[in-house]
Amino acid sequence: MQVHFISHTHWDREWYLTYEQFRLRLVGLIDRLLDLLESTPEFRFFHLDGQTIVLEDYLEIRPREEPRLRRLIADGRILIGPWYDMPDEFLVSGESLVRNLALGHRIARRYGTPMPVGYLPDLFGHVSQMPQILRNFGLDNAVLWRGFGGPRAEYWWQAPDGSRVLMLHLPRDGYCNATRVHLNRHEMLDRATRAIENERARTAVGEVLLMSGVDHVEPHPIVPELIGQLSSRLNAPVRHSTLPAYVDAVRSAVNDSGPELELVEGELRSGEDYANLLPGVFSARVYIKQANARVQTLLERRAEPLAAFASMLGARYPADELAYAWKTLLQNHPHDSICGCSIDPVHRENMTRFARAEQVVRALIDQAASVLARGVPAAPAGMLRLVAINTTVTAYSGVIEAVVDLPYEDAEPRRPDPEALDAPVVLWPKAARVVAVATHNGAALPFQILSDEDVVTFVLSRYDTPWPLRARRYRVLFAADVPACGYTCFDVEIDSAFAGEASAEPVGPAITSDERSAENEHVRITVNDDGTLDVLDKRSGTLYPRCGELEDVGDVGDEYNYSPPASDRVITSRDARDVHITRLASGPLRAEFHIELALPLPVSCSGDRASRAGETVLNPVTVRVALDAHSPRVDWNVALENRSKDHRLRMLFPVAAASVTHVRAETAFGVAVRPARRERPKDVRVEVPVSYAPTASFTE
């Protein structure tokens, strides 16, 4: 038997304190760590939680300490990386996980060498492709805790593509099974011995792991003394060790004709009787998840592809700007941030970071798209040319929505010098209207005007102040095709003296609708009196009743988990009041319904938190439901003014029959197959399994 005593801290950058409050504690920790390592050679190693963001956070306050920090990292006494920060694997995209590891490696190499350990100590479950991601960074191992409940310390873990890593499963106490053993000098030997015996029973190869550290704790100077006394008592090697040394020892033992290890495959999202999985965080503070998905999508599917296309036409690729946007976004991905389980000030700061990243990304999208648009020939007289760009690898065929501004002259316009403008601006007569949409070679396209309004818009210039313009803004739909990784031009015909109404071209089997229903060749939707929808899949003949039903229940839990009160009452769309249903658009390309209602919800839970209060308050809800021509998809857009506390509101869609036993859902670079329902066990030791799980873009 060999004992690896690991000194570390687990550093949640923000959680029950704000980032800046925790950073001051971090500065004190690293200040004292540097002193301890330099003054006490027998205190050999310390792990900075597998994150490199802590280096940036510390050195921003203590730049003068960089030489000391670099020296101790170079000597192998402070271990850093491989991550930038510790994300939640299911709430961020696969691309974000890769960027996180890449940035962590890049920063670690500036100061030394990234720790060659796939360290995943406190993440709330693990995606199936994590072994493949780790392998692509040269990491052949994973050290983890939550999401798996096997009794052993050593396993193989295999991704769907066949990539395999040595999985080292942390004890039931997680990354802190030896944290408190030294806090009482008179009992520390007995406590440490018990921890060793517990781990000795789990290891198949004789390598025992003691993790001395937990959230935000500092290294304790008594550790060398404890290790010496343990070695004498056990008459066995007890090392002040490192995670790489522990991984190497286990790997060597397995390779040297060691025991056959059990193979674990796919995602790790079970083992609730071993460690909390905390599934409630997936719906906590939904606005955090929405902001993250929006910025991720803009970065991955808009800004970076468009920047690459523009660079092919000679524009400078904005590598630095994109790196800044990615880094700002990744700072919101730690599991206590993206999960929405921190204090309010933390999440207010998250939203500021999301806003900063989004502002940069949208500006980069505009710049790149402008480069592409300027390379397109001008439209014929009386036309306005639109450029639709498809950044995906799949050709697009369907409805396109465009915003078209027709600037017109004021009575006293301020005209800039032509040389001041980045591109020429055409001013139209005030009476000008959109009357048709065609391909660039003149073929008429089906189109529909959703709305029009007067606005004030601005033309920006590098050489002059912004030029304000009055304009007529149109939201226009048209049906067209756009090739994969390419673009198509469309011409909007403008009638400069228009006095009637534009008429759409015929559109084959288009949308048909009445005041409460709409359909195309794929789907028929019917709006019910309470604002729910019956959806008929015309291809299969399957009717999905009451789609989009609202269900509200009490929740007296903590920031992580849904916890119903002992006595609850359920409010649904059937209880809605003041329901108003309006048809906003009737085709031929889109039918859209606007639904307004109010849910009478309890103001809060009761004083003893055992039930819901008797007093209710109306919570206004607005739902917009749209169906496009030729599309099998129905779009919901929901807005709520939340006037109640202590509750959980869900929107329900009956997509699975009772006979369905499993569902598939997209995760990072893969599709997970999961049980449709999980039964509550009779004996709940840690956490009750639930029948809901995270998804990326689809569940089926």
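Notes on the overall build of the protein
Looking only at helices and strands, one finds twelve helices and 30 strands in the protein. Based on the C-alpha atoms only, the size of the protein along its principal axes is roughly 100 × 65 × 50 Å. Sequence separation of 24 or more characterises 71% of the internal contacts of the protein that already satisfy a separation of 6 or more. Summing over all exposed atoms, the protein offers an accessible surface of approximately 31,800 Å²; the carbon and sulfur share of this is 50%. In the protein, which carries 77 positive and 96 negative side-chain charges, the distance between the mean positions of the two groups comes to 3 Å.

A word on the pattern of salt bridges
Under the counting rule described, the total for this entry stands at 50 salt bridges. Between Glu66 and Arg70 there is a salt bridge whose closest N-O contact spans 2.8 Å. Separated by four residues within a single helix, Glu66 and Arg70 lie in helix 3 (residues 66-74), roughly one turn from each other. A relative accessible area of 25% means that Glu66 is categorised as partly exposed. Through salt bridges with shared partners, a single network forms among Asp35, Glu38, Glu65, Arg68 and Arg71.

Notes on unusual backbone geometry
Negative phi is the rule for most residues except glycine; trans is the rule for most peptide bonds. Following Gly81, the chain continues to Pro82 via a peptide bond in cis, the omega torsion being 15 degrees. Looking at where Pro82 falls in the secondary structure, it is placed in the loop between strand 3 (78-79) and helix 4 (94-111). Cis peptide bonds are those with omega within 30 degrees of zero, and the linkage from Gly587 to Pro588 qualifies with 15 degrees. If you trace the backbone, Pro588 turns up in the loop between strand 24 (577-586) and strand 25 (590-602). Unusually for a residue other than glycine, His216 sits at a positive phi of about 65 degrees. Positionally, His216 belongs in the loop between strand 8 (207-212) and helix 7 (223-234). For His216, a relative accessible area of 4% corresponds to the buried category.

Comments concerning the pairing of strand 5 (residues 141-144)
Going residue by residue along strand 5, you find Asn141 and Val143 tucked away on one face and Ala142 and Leu144 tucked away on the opposite face as well. A crossover links strand 4 (residues 119-120) with its parallel partner strand 5, the connecting element being helix 5 (residues 130-135), and its sense is right-handed. Note that strand 5 and strand 7 (residues 164-169) share four bridges and pair parallel. Within strand 7, the position partnered with Ala142 by the bridge is Met167.

With respect to the sheet that holds strand 16 (residues 486-495)
An order of 11-16-13 is seen for the three strands of this open sheet, with the pairing classed as antiparallel. Both outer strands of the open sheet, strand 11 (383-390) and strand 13 (433-439), are each paired with one neighbouring strand and no more. The sheet shows a mean angle of 30 degrees between the axes of neighbouring strands, taken without regard to direction.

Topic: the packing of aromatic side chains
Under the counting rule described, the total for this entry stands at eight aromatic pairs. Measuring from centroid to centroid gives 4.9 Å for Phe478 and Phe490, while their planes differ by 55 degrees, and the two rings are tilted. In this pair, Phe478 sits in strand 15 (residues 467-482) while Phe490 sits in strand 16, placing the two residues twelve residues apart along the sequence. Residue class for Phe478 comes out buried when judged on its relative accessible area of 1%. A relative accessible area of 2% means that Phe490 is categorised as buried. Judged by centre distance (4.9 Å) and plane angle (85 degrees), the rings of Trp636 and Phe653 are edge-to-face. Pair noted here: Trp636 is in strand 27 (residues 634-640) and Phe653 is in the loop between strand 28 (647-652) and strand 29 (662-667), with a separation of 17 residues, a long-range link.

A short note on the nonpolar core
Formed by 125 residues in total, the largest nonpolar core has its most connected members in Leu69, Ile78, Tyr119, Met130 and Trp157. Apart from residues lying up to four places away in sequence, Tyr119 is in contact with His8, Asp49, Gly50, Trp83, Met86, Val143, Tyr175, Met211 and Leu243. In this structure, Ala518, Val527, Leu533 and Leu627 belong to the second largest nonpolar core, which totals 29 residues.

What about helix 8 (residues 243-255)?
The end-to-end C-alpha separation of helix 8 is 18 Å, in line with the 18 Å expected for 13 residues at 1.5 Å each. Within the span of helix 8, buried status applies to Leu243, Pro244, Ala245, Tyr246, Val247, Ala249, Val250 and Val254. Among the residues of helix 8, the N-terminal cap falls to Thr242, whose side-chain oxygen and the backbone nitrogen of Ala245 are separated by 3.1 Å. In the stretch just after helix 8, Ser257 is the one whose phi turns positive, near 55 degrees.

Comments concerning the sheet that holds strand 27
Strand order in the open sheet formed by four strands is 24-25-26-27, with antiparallel pairing between adjacent strands. Sheet topology places strand 24 and strand 27 at the edges, where each strand pairs with a single neighbour. Each strand of the sheet is rotated relative to its neighbour by a mean of 20 degrees, with strand direction disregarded. Note: strand 26 (residues 616-628) against strand 27, seven bridges, orientation antiparallel. Its bridge partner being in strand 27, Thr622 is matched across the sheet by Ala639.

Comments concerning the packing of helix 2 (residues 53-61) against helix 3
It is the contact of helix 2 with helix 3, at a shortest axis distance of 10 Å, that shows an interaxial angle of 150 degrees. What the angle tells us is that helix 2 and helix 3 run roughly antiparallel. Of helix 3, the residues touching helix 2 (which contributes Leu55, Tyr58 and Leu59) are Glu66, Leu69 and Ile73.

Things to note about the side chain of His647
Along the polypeptide, His647 turns up in strand 28. Judged by its relative accessible area of 17%, His647 is buried. Separated by 2.6 Å, the side chains of His647 and Asp552 make a polar contact. Among the polar contacts made by the side chain of His647, one reaches the main-chain carbonyl oxygen of Ser644 at a distance of 3.4 Å.

Side note on the environment of Ile80
Relative to the assigned elements, Ile80 resides in the loop between strand 3 and helix 4. Sequence spacing of Ile80 and Leu123 is 43 residues, and the spatial spacing of their C-alpha atoms is 18 Å. Each residue touching Ile80, except ones within four places of it in the same chain, is listed here: Leu48, Leu55, Ile73, Ala108, Tyr111, Thr113, Pro114 and Met115.

Observations concerning the environment of Gly398
The residue Gly398 is located in strand 12 (residues 396-408) in this model. Counting along the chain gives 151 residues from Gly398 to Val247, while the straight-line C-alpha distance between them is 53 Å. The residues touching Gly398, leaving out its near neighbours within four places in the chain, are Phe478, Ala479, Ala480 and Asp481.

What to know about the packing of helix 1 (residues 19-39) against helix 2
For any two helices packed against each other, one specifies the inter-axial angle together with the distance between the axes. Close contact between helix 1 and helix 2 brings their axes to 9 Å; oriented N to C, the two are set at 85 degrees. Considered as vectors, helix 1 and helix 2 are oriented roughly perpendicular to each other. Residues Tyr19, Arg23, Leu26, Val27, Ile30, Asp31 and Leu34 of helix 1 pack against Val54, Asp57, Tyr58, Glu60 and Ile61 of helix 2. Its residues assigned to classes, the contact of helix 1 with helix 2 shows eight nonpolar, no polar and four charged.

Rules and cut-offs
- Residues numbered from 1 in each chain as written.
- Predicted model: local features only at pLDDT ≥ 70, side-chain atom pairs only at ≥ 80, totals over all residues.
- Heavy atoms only, no water.
- Helix = DSSP H or I, 4+ residues; strand = E, 2+ residues; numbered from the N terminus.
- Contact = heavy atoms within 4.5 Å.
- Areas by Shrake-Rupley, 256 points an atom, 1.4 Å probe, with all protein chains shown as cover.
- Lys, Arg positive; Asp, Glu negative; His and termini not counted.
- Charge placed at Lys NZ, Arg CZ, Asp CG, Glu CD.
- Salt bridge = Lys/Arg side-chain N within 4 Å of Asp/Glu carboxyl O.
- Buried < 20%, exposed > 50% of the residue type's maximum accessible area, 1.4 Å probe, protein only.
- Right-handed = clockwise from strand over helix to strand, strands pointing away.
- Pairing = 2+ DSSP bridges.
- Axes fitted to C-alpha atoms, helices over the stretch in contact; angles between N-to-C directions.
- Phe/Tyr/Trp six-rings, centres within 6.5 Å; stacked < 30°, edge-to-face > 60°.
- Core = buried A, V, L, I, M, F, W, Y, C linked by side-chain atoms within 4.5 Å.
- Expected span 1.5 Å × (residues − 1).
- Polar contact = N/O pair within 3.5 Å; in protein donor to acceptor, adjacent residues only side chain to side chain.
- Parallel < 35°, antiparallel > 145°, perpendicular 65-115°, else oblique.
- Nonpolar A, V, L, I, M, F, W, Y, C, P; charged D, E, K, R; others polar.

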